[in-house]
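Letter by letter, the chains look like this.
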Amino acid sequence: MRYTPFSYQERYSLRLQRLALDGGFSCPNRDGKVATGGCTFCDNRAFHPAYTAGKSITQQIEAGIAFHAQRGRKADGYLAYFQAFSNTYAPLEVLRARYEEALTHPAVRGIVIGTRPDCIDDDKLDYLAGLKRQGSIVEVEYGIESVYDATLERVNRGHTFACTKEAVEQTARKGIPVGGHIIIGLPGETREMILEEASVLNILPLSSLKIHQLQILKRTAMEAEFKEHPEDFLRLGPDQYIDLLADFLERLRPDIAIGRIVSSVPPSFTDAPWGLLKQEELLQRLEKRLEERDTFQGKLCV
Ligand code: SF4
């Protein structure tokens, strides 16, 4: 392949299925700690599996396993994926209770924690490193979104890129695999800035990266901003996005495994055709485009 795909099978020699969970957390840019309103592009309901609603962690795991089994997906084990909101945004005792409830389920082999870089500290990371030493799979994924402070401020993230860099480095130093998440097409960012972003990400000890196109979701602050300043948005269609992604990947370190390249939400959350495009289809188009251009991930990485 011309890019490095993320694979649990390769990393752990196991067929692992992630179970997206809602641990009942919030975000510091929602509850007033650093801001209110949350990130301007975010409507977390768009990413919540229906099976999580109103259930305990254990019930969500059971429902998630049944959800995947009904779709014929086989697994050697499951990873409890704390996905909704910021999953380290609580005191350590609370985190311990939620994570360990998941880890006591006999089918769960580990936890994957999605969070913000300003919601982590040494004590939490030491605790996570301890879980890993005891044999659980532990991974942390940070919402990076952009390496540009002006963008982070504009989308109401409530933290800087320096904060991201520190969190990613601190986590990697503890021996925990670190993933990142970025959005391509945030307002004010040009094509050149997006390509330069790859070089900035290359200096971080990331083991994986999820890349999403910007989706403008209905009833978000970003929808209002887009109506007012459409000229500030790249407004990429799928073909343009794949082209830009090929350029981006050429500049990205080849050892950073690519987890996702597209975000899909239920059609009720967006009018854009992106909502219907599937990851597998886009990955095939990306591979084909890289082949046509006779290029590959890392070709221009310095
Ligand atoms: S930190 Fe994550 S969950 Fe919270 S508002 Fe931003 S994108 Fe949404």
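Summary of the structure given here. (Residues numbered from 1 in each chain as written. Predicted model: local features only at pLDDT ≥ 70, side-chain atom pairs only at ≥ 80, totals over all residues. Heavy atoms only, no water.)

1. Thoughts on the environment of serine 146
Next, step 1: Along the polypeptide, serine 146 turns up in the loop between strand S4 (137–145) and helix H5 (149–154).
Next, step 2: Distance in space between the C-alpha atoms of serine 146 and lysine 132 is 29 Å, their sequence separation being 14 residues.
Next, step 3: Aside from chain neighbours lying at most four places away, what touches serine 146 is Thr151, Leu152, Phe161, Leu186, Glu189 and Glu197.
Next, step 4: Polar contacts involving the side chain of serine 146 include one to the main-chain amide nitrogen of tyrosine 148, which spans 3.0 Å.
Next, step 5: Side-chain polar atoms of serine 146 contact the side chain of glutamate 189, separated by 2.6 Å. (Helix = DSSP H or I, 4+ residues; strand = E, 2+ residues; numbered from the N terminus. Contact = heavy atoms within 4.5 Å. Polar contact = N/O pair within 3.5 Å; in protein donor to acceptor, adjacent residues only side chain to side chain.)

2. A few points about the packing of helix H9 (residues 238–251) against helix H10 (residues 279–292)
Next, step 1: The contact between H9 and H10 brings their axes to 10 Å, and the two run at 60 degrees. As far as their axial angle goes, H10 and H9 are oblique. For the element pair H9 and H10, the recorded crossing hand is right-handed. Together, Pro238, Asp239, Tyr241, Ile242, Asp243, Leu245, Ala246 and Leu249 of H9 and Leu282, Arg285, Leu286, Arg289 and Leu290 of H10 make up the contact between the two elements.
Next, step 2: Taken together, the residues of the contact of H9 with H10 break down into nine nonpolar, no polar and four charged. (Axes fitted to C-alpha atoms, helices over the stretch in contact; angles between N-to-C directions. Parallel < 35°, antiparallel > 145°, perpendicular 65-115°, else oblique. Left-handed = near helix turned anticlockwise from the far one by under 90°. Nonpolar A, V, L, I, M, F, W, Y, C, P; charged D, E, K, R; others polar.)

3. Side note on the nonpolar core
Next, step 1: Counting 76 residues, the largest nonpolar core has Ile111, Leu128, Leu201, Ile211 and Phe248 as the members making the most contacts within it.
Next, step 2: The greatest single-element share of this core, amounting to seven residues, is contributed by H9.
Next, step 3: If we ignore the near neighbours within four places in the chain, the residues touching phenylalanine 248 are Ile182, Ile184, Ile194, Leu195, Glu197, Ala198, Leu201, Leu209 and Ile211.
Next, step 4: Phe41, Ile183, Met222 and Phe233 belong to the second-largest nonpolar core, a separate cluster that totals eight residues. (Core = buried A, V, L, I, M, F, W, Y, C linked by side-chain atoms within 4.5 Å. Buried < 20%, exposed > 50% of the residue type's maximum accessible area, 1.4 Å probe, protein only.)

4. Focus: helix H7 (residues 191–201)
In an α-helix, one full turn covers 3.6 residues, which means residues spaced three or four apart are oriented alike.
Next, step 1: Those residues of H7 that fall on the buried side of the exposure criterion are Ile194, Leu195, Glu197, Ala198, Val200 and Leu201.
Next, step 2: Tucked inside the fold, the buried residues of H7 contact S4, helix H6 (161–173), strand S5 (178–184), strand S6 (208–213) and H9.

5. Looking at the sheet that holds strand S2 (residues 77–82)
Next, step 1: The strand order across the open sheet formed by seven strands is S1-S2-S3-S4-S5-S6-S7, and the pairing between neighbours is parallel. Looking along the sheet, the strands with just one partner apiece sit at the ends: strand S1 (16–21) and strand S7 (257–260). Taken pair by pair, the neighbouring strands of this sheet meet at an average axis angle of 25 degrees, ignoring direction.
Next, step 2: Pairing of S5 with S6 involves six bridges; the strand directions are parallel. Paired with isoleucine 182 across the two strands is isoleucine 211, which belongs to S6. (Pairing = 2+ DSSP bridges.)

Any link to function would need more than the numbers given here.
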